[in-house]
Amino acid sequence: MKNLLLVEDLWASYGEHMVLKGVNFALKKGEKVVIVGPSGSGKSTLLKCIVRLVEPIKGKIFLDGVEVTSPKTDIRSVRAKTGFVFQNYNLFPHMTVLENIALPLRIVKKLTKKDAEEKAKIMLKTVGMDAYMDKYPLQLSGGQQQRVAIARALAMDPILLLLDEPTSALDPELRGEVLDVLRRIAREGISMLIVTHEMDFAEEVADRMLFMEDGKILAADSPAKLIHSLENERLVRFFRKLKA
Amino acid sequence: MLDTLFFIASIIPFLIQGISVTLQVTLFAFAIGLALASLLTPIRVFAPVSLSWLPRTYVELFRGTPLLVQLFLIYFGLPSKGIKLDALTAGILALGLNSAAYQAEIFRASIKGIPESQFLAAESLGMSRLQVYRYVVFPQAFRIALPALVNEFVTLMKESSLVAIIGVAELTRRGEYLVAYTFRALEVYIAVAMLYLVLCLTFSQGAKIIEKKLKIPGYERSR
């Protein structure tokens, strides 16, 4: 199958500090790929580079045949067809749940107010948050906020959904509801690139797993093979620590 | 004691006529300040470095010199260049130009108070830079700015007493008249102070109602 996303020799830095040191990988249409690795390994930066929320200093990214990294590419149109879910939800606190989803549909996708709100309601139903559409984000639990954030990303009909540790900021008892929603979305066939520490979820949902360390991809294989690997000592140590 | 109270009661009607001038000066000056700050702030946020020195210099200039000197420059200084303003206009202008510097600082700090994550979220949805500010940053920044703006308004109301010096017949100036006629400075200025206090309290209480109306639901609980 055709590559939906292709990343070639990607380098990125924060000032002097080099975060990505030549990352290469591809993601096929419909594929779910999980990125794991210790904190500071560049996972989140890699995700942000794909929609140029962080500007890479070198390398090429192709999404759906468009070179994202080309200065000629209108990055807003790329962002409008990808969904990004953040660790801390990042909903707009001064708007209701419904407005959070309807606003980008209105001003980016140019839907009418009525159509935008109708679509927003459908998306809220998908994540089981339709009863809360008139609430404000800060009146909700973390798990509920993240479900709204997922609905906001999905409402844009993304060809690729990027998720940056979607459950890491949540209490353990709230993670389940978010993971359930993500499992359901995954079954719909949408392409996903997920940074996570939830290994059970990864093993269940992902087609492939990338292990990152120090700005590079050290290993890429099926989740089961990496998680239960006995040969690669670095992986064994990482997953043992994660379980502890 | 009773005599003092009667005296104060008898001068209040005369002083109250000065309140309308005090309010006029304050309101117009605040409006000029708000308009100018609304011009300076976008330049500071959006303009390239080659232009951003302009609002910065403005703020430093007006915050770094005494308001009274600014007032004298406009009222006594400008006529030598052919610009002759009446006392009321000169007073409003000086206070307004001065307040603009403080209001611009309030807006700048409020925008800075919006977390980076809000920009990222808005950008990730494909919003343009202008849309990010219009729909996400400014509405939140305005709420952050509100208490400081109210504070600036109340400060301005008190500072408006400076224009008495160039002869604007506002509250303080009317107090001066009364002292000149009655020689009872203590009672007169107590009455004047009380009227300022009532004005300030009225406005800050009114502002609290507006703040409550505009507050983001759930905001307190999250901190």
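Overview of the structure.

Calculation rules
Within every chain, residues take consecutive numbers counted from 1 along the sequence as written. For naming, the first written chain is A and the first written ligand is 1, with later ones following in the order written. Totals for whole chains, interfaces and linings use every residue, but because this is a predicted model, local features are given only for residues with pLDDT of at least 70 and side-chain atom pairs only at 80 or more, for both listing and counting. The basis for the side-chain values is all heavy atoms of the structure; hydrogens and waters are excluded. We call two residues in contact when some of their heavy atoms are within 4.5 Å. Once two parts are joined, some of their accessible surface, as seen by a 1.4 Å probe, is lost; buried area is that loss totalled over both. By salt bridge we mean one thing: a side-chain nitrogen of Lys or Arg within 4 Å of a carboxyl oxygen of Asp or Glu. Numbering of helices and strands runs from the N terminus; a helix is a DSSP stretch of H or I covering at least four residues, while a strand is a stretch of E covering at least two. Accessibility here uses a 1.4 Å probe with only protein chains present; expressed as a share of the type maximum, an area under 20% marks a residue as buried, one over 50% as exposed, and anything in between as partly exposed. Nonpolar core, defined: a set of buried Ala, Val, Leu, Ile, Met, Phe, Trp, Tyr and Cys residues in which side-chain atoms within 4.5 Å join the residues together. Whether two strands pair depends on DSSP finding at least two bridges between them. Axis definition: a line fitted to C-alpha atoms, limited for helices to the stretch in contact. Angles are taken between N-to-C directions and run from 0 to 180 degrees.

What about the interface of chain B and chain A?
(1) Moving on: Facing 23 residues of chain B, the contacting portion of chain A comprises 25 residues.
(2) Moving on: Of the roughly 2100 Å² buried between chain B and chain A, counting both surfaces, carbon and sulfur atoms make up 67%.
(3) Moving on: When the buried surface of chain B facing chain A is broken down by residue, Ser124, Leu125 and Pro217 of chain B rank first, second and third, together holding 28% of it.
(4) Moving on: Linking chain B with chain A are zero salt bridges, by the criterion used here.

Describing the environment of Lys215 of chain B
(1) Moving on: As for its position among the elements, Lys215 of chain B is in the segment after helix 8 (185-214).
(2) Moving on: In sequence terms Lys215 of chain B and Leu146 of chain B are 69 residues apart; their C-alpha atoms lie 10.0 Å from each other.

Looking at helix 3 (residues 97-107) of chain A
(1) Moving on: With nine of 11 residues buried, helix 3 of chain A is to be regarded as a mostly interior element.
(2) Moving on: Turning to helix 3 of chain A, its buried residues number three or more, namely Val97, Leu98, Asn100, Ile101, Ala102, Leu103, Pro104, Leu105 and Ile107 of chain A.
(3) Moving on: Of the surrounding secondary structure, the elements contacted by the buried residues of helix 3 of chain A are helix 4 (113-126) and helix 5 (142-155) of chain A together with helix 6 (129-159) of chain B.

Some thoughts on the nonpolar core
(1) Moving on: In terms of nonpolar packing, the biggest core is built from 102 residues, with Leu5 and Leu193 of chain A together with Met127 of chain B touching the most fellow members.
(2) Moving on: Excluding residues that lie within four positions of it along the chain, Leu193 of chain A makes contacts with Leu5, Phe25, Leu27, Val33, Ile35, Leu47, Ile50, Leu160, Leu161, Leu162 and Leu163 of chain A.

With respect to the sheet that holds strand 7 (residues 160-164) of chain A
Residues and elements named next belong to chain A.
(1) Moving on: Pairing is mixed across the open sheet formed by six strands, whose spatial order is 6-7-8-3-9-10. Looking along the sheet, the strands with just one partner apiece sit at the ends: strand 6 (82-85) and strand 10 (216-221). If you compare each strand with its neighbour and ignore which way they point, the axes differ by 15° on average.
(2) Moving on: Direction of pairing for strand 9 (residues 208-213) relative to strand 10: antiparallel, over a ladder of five bridges. Bridging from a neighbouring strand, Glu213 pairs with Lys216 of strand 10.
(3) Moving on: In the packing of helix 6 (residues 172-187) onto the sheet, contacts are made with strand 3 (32-36), strand 7 and strand 8 (191-195), and the angle to strand 8 comes to roughly 150°.
(4) Moving on: Contacts from helix 9 (residues 233-243) reach strand 3, strand 9 and strand 10, with the element oriented near 95° to strand 9.

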